[in-house]
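So the chains spell out like this:
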Amino acid sequence: MAPPIVVQVVVDKPLAQGFDYLWDEELLGSPPTIGVLVEVPFGRSSLVGIVIKVSAHSDYELDKLKSVSRFAPLPPLDPAALRLMNFASQYYIHALGETIIPTIPQMWKKPDDWEKIPKKLVAAEEKQKKKTKQEAVEGYVDEGNLNEGQKLALEKLRACPSNEFKAILLQGQTGSGKTAVFLNWLSGILDDVNAQALLLVPEINLTPQLERRVRAYFPDKKMVVLHSGVSEKVRGIAWHEAMTGKAQIILGTRLAALTPLPNLRAIVVDEEHDQSYKQQDGIRYSARDLAVWRAHDLKVPILLASATPSLETWMAAKAGRYEYIRLDQRAQGASLPKVHLVNTRDPQTQFSPGDVEKPKSKSLITKKLAHAVTQNLEKQQQSLILINRRGYAPVLSCSACSWLSKCEQCSSYMVLHKAGALARKSVLSCHHCGLAKSIPNHCPECGNADLKTLGQGTQKIEDSIEEMWPSARVLRVDTDSSRKSKGAEELFQEIHQGNVDIVVGTQMIAKGHDYQNIGLVGVLDADSRLFSQDFRAAERLFAQLVQVAGRAGRSGKDGETGGAIYIETQFPEAAVFQFLLRHDVDGFLSYTANERKEAGLPPFAYQALVHAEAKSLDKAIQFLSALKGYLKSSGLIAKGLRVYDPVPKAMMRVAGSERAQLLVESDDRKNLQEILEAMDRYLRENSQGRISKEGRIRWLIERDPISI
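All values derive from a computational prediction rather than experimental measurement.

### Points about the pattern of salt bridges
Okay, so step 1: All told, the structure shown has 28 salt bridges when counted by the stated rule.
Okay, so step 2: Measuring nitrogen to oxygen at the nearest pair gives 3.1 Å for the salt bridge that ties R288 to E272. Of the two residues, R288 sits in helix α9 (residues 287–298) while E272 sits in the loop between β10 (264–270) and α9, which places them 16 residues apart along the sequence.
Okay, so step 3: Residue classification places R288 among the buried residues on the basis of a relative accessible area of 13%.
Okay, so step 4: Take E272: its relative accessible area is 1%, and that puts it in the buried class.
Okay, so step 5: The partner of K628 in a salt bridge is D645, with the nearest N and O atoms 2.6 Å apart.

Here it is as structure tokens:
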């Protein structure tokens, strides 16, 4: 009698262990393979899982083991992909099953549909063959059109061996042609018809523009796009083509970083500084950091591109751990935009009663910026106005009793949205829990009908600009406007085609887009992002301002002028703005590094957070205090480790749950890993899944948080 075949399977549950199942080779028609996707009975239902071990033994009685029901018509995940998943699971303190399974598209997690999938794949391939190759797009730069700086950068990239690990920072001013450089570099790597390249971008909105350029540059290469904005079927087929090696170029957002790629030869992380690369739910991984680990594991080069590198990446390049390549001139000869700081405390920057240009209602932008917009319109150039708040106004207030439109479920305010954005009628909406309510006709507390709006969002600025320049074509670009139309890409096309005079938008408009006729950028309410409990606030603001400034004057058609950026602030003397005046990215990063070193903050220390969520704040704090007490009594807080007292989160209440956090800090990465693993074991012993047995507290450990 043949010995039994036992497989260990991990499933999408917060459980540290795998589960043993019998593999009936005769029934399933094939021997088991590590990395294969299977359906298994689990409790009273069934789940999909991944086989991580095959043996002839089990610690449990064989007659008590259930059998694998079936396996997917899919090749097993390759060993390198499994190594990546194992590392992510261990480093980010997350169960292996709940690390792997969420990365698999939904299409492949429906066992009842597995028999139909082969036909879908054949049909998709036939459809693809009928598609004609896309024509090259305007603005595409091939190697023959590179300037001297780009050619030198390309030479340095090509000098890096393709068969060993090398992390390379490509730091270049906005508009310096970083994309053209890395596409030319990838062309040599992709000459091997089996080679695969992974291109990561931080946001879905940036994929269409890069996709067009890549397709134009590589018309004969199979490319797939992976992000949450594509349909379930399209993503499922694209993922299959990537993991089987059929697709040579894989372009996507952070979820693409975990896609199995058997022939990966190079990785590019564009806008590597962007915080969107950090996952904010489930396993809280950094796609950029995992991409670097993956390149190291596979011994392939990885290119990190940015005009404003993250402090961690910049310091690694300065220290010689990363190759450092710079692009210090704009690709088409334009100079950098001139920076103007508009001091909003200065009365001369505001409209006065006698001003001819003074708008009928109160102006929401300064006189200086308004005058610049008028001049820019006269030059028939586009203006871009950035305010990082969507909606009409952040708060509705009562002038009689000072009532404010607070959310009932969160410790935040409900934002006023005018009709046509989130609903057919004007509503108050919470941006944290999604609660939407009708706007009250009178104050809910005192009955006063005189309700006023405080502050402004994109909708209010849009109204004000339409009033000030009635003949100008104004377009608002934020998540509301992109949701109600065919999507953000259609809005960006309106800008590119010159159908818009003034663009009002949130950070969606600030980065990555190669606008050719923006002559002026205005930034409103910059100070709201300058002062924050988060120590990275200044770094993020600086990066955003450099990015949005870089949208101006990119075409170089005005000879010496590179456009202008006007920043409205009450604190023009702040370091962020002073370094921006000189376009001194290195100076700002050096200044920030010194500040962080003095304060003992990352990257000079390593951090983790334990999040706790409960019905009351007291319960969440008590839970975290007990955890700290356990660490103390067990002698786990070694020298160089700091465990702070638990505190409420900055956004304390969300969707009716109270939230607290415990910060753990270490001078040594290894010591931090050890204490996090000890905490995880302790919490799991006293929990069912990720909910504590006592008090029903939901908890999560987050490694390398991007905000504290």
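### Notes on the sheet that holds strand β2 (residues 19–22)
Okay, so step 1: Taken in spatial order, the 5 strands line up as β2-β1-β4-β3-β5 in an open sheet, and their pairing is antiparallel. Of all strands in the sheet, those with a lone pairing partner are β2 and β5 (70–71), marking the two edges.
Okay, so step 2: One ladder, built from 4 bridges, connects strand β1 (residues 6–11) with β2; its direction is antiparallel. By the bridge assignment for β2, V9 is matched with F19.

### Examining the packing of aromatic side chains
Okay, so step 1: For the structure shown, the criterion picks out 11 aromatic pairs.
Okay, so step 2: A centroid spacing of 5.2 Å and a plane angle of 90 degrees characterise the contact between F19 and F42, whose relative ring orientation is edge-to-face. One end of the pair, F19, is in strand β2; the other, F42, is in strand β3 (residues 37–42), with 23 residues separating them in the sequence.
Okay, so step 3: For the pair F579 and F588, a centre-to-centre distance of 6.1 Å together with 75 degrees between the ring planes defines the contact as edge-to-face.
Okay, so step 4: Classification of F579 by relative accessible area gives buried; the value is 12%.
Okay, so step 5: Taken together, F87, Y91, Y92 and W293 form an aromatic cluster joined through their ring pairs.
Okay, so step 6: The positively charged end of R690 is found above the aromatic ring belonging to W699, 5.4 Å away from the centroid.
Okay, so step 7: The cationic tip of R703 hangs over the ring face of Y91; the distance from NZ or CZ to the ring centre is 3.9 Å.

### Considerations on unusual backbone geometry
A negative phi angle is the norm for most residues apart from glycine, just as the trans form is the norm for most peptide bonds.
Okay, so step 1: Residue P603 follows P602 across a cis peptide bond; omega there is 10 degrees.
Okay, so step 2: Counting through the fold element by element, P603 comes out in the loop between α17 (585–599) and β24 (606–614).
Okay, so step 3: At D525, a residue that is not glycine, the phi angle is positive and equals roughly 55 degrees.
Okay, so step 4: For R696, which is not glycine, the phi dihedral falls at a positive 50 degrees.
Okay, so step 5: Its place among the elements puts R696 in the loop between β29 (691–692) and β30 (698–703).

### Quick notes on the sheet that holds strand β7 (residues 196–200)
Okay, so step 1: Spatially, β8-β9-β7-β10-β11-β6-β12 is the arrangement adopted by the 7 strands of the open sheet, whose pairing is parallel. Either end of the sheet is taken by a strand with one partner, and the two such strands are β8 (223–226) and β12 (323–327). Strand-to-strand twist of the sheet, defined as the mean angle between neighbouring strand axes without regard to direction, takes the value 15 degrees.
Okay, so step 2: Running over the sheet, helix α6 (residues 178–189) touches β6 (166–172), β7, β10, β11 (301–306) and β12 and is turned about 175 degrees from β10.

Conventions and cut-offs
Residues numbered from 1 in each chain as written. Predicted model: local features only at pLDDT ≥ 70, side-chain atom pairs only at ≥ 80, totals over all residues. Heavy atoms only, no water. Salt bridge = Lys/Arg side-chain N within 4 Å of Asp/Glu carboxyl O. Helix = DSSP H or I, 4+ residues; strand = E, 2+ residues; numbered from the N terminus. Buried < 20%, exposed > 50% of the residue type's maximum accessible area, 1.4 Å probe, protein only. Pairing = 2+ DSSP bridges. Phe/Tyr/Trp six-rings, centres within 6.5 Å; stacked < 30°, edge-to-face > 60°. Lys NZ or Arg CZ within 6 Å of the ring centre and 35° of its normal. Axes fitted to C-alpha atoms, helices over the stretch in contact; angles between N-to-C directions. Contact = heavy atoms within 4.5 Å.

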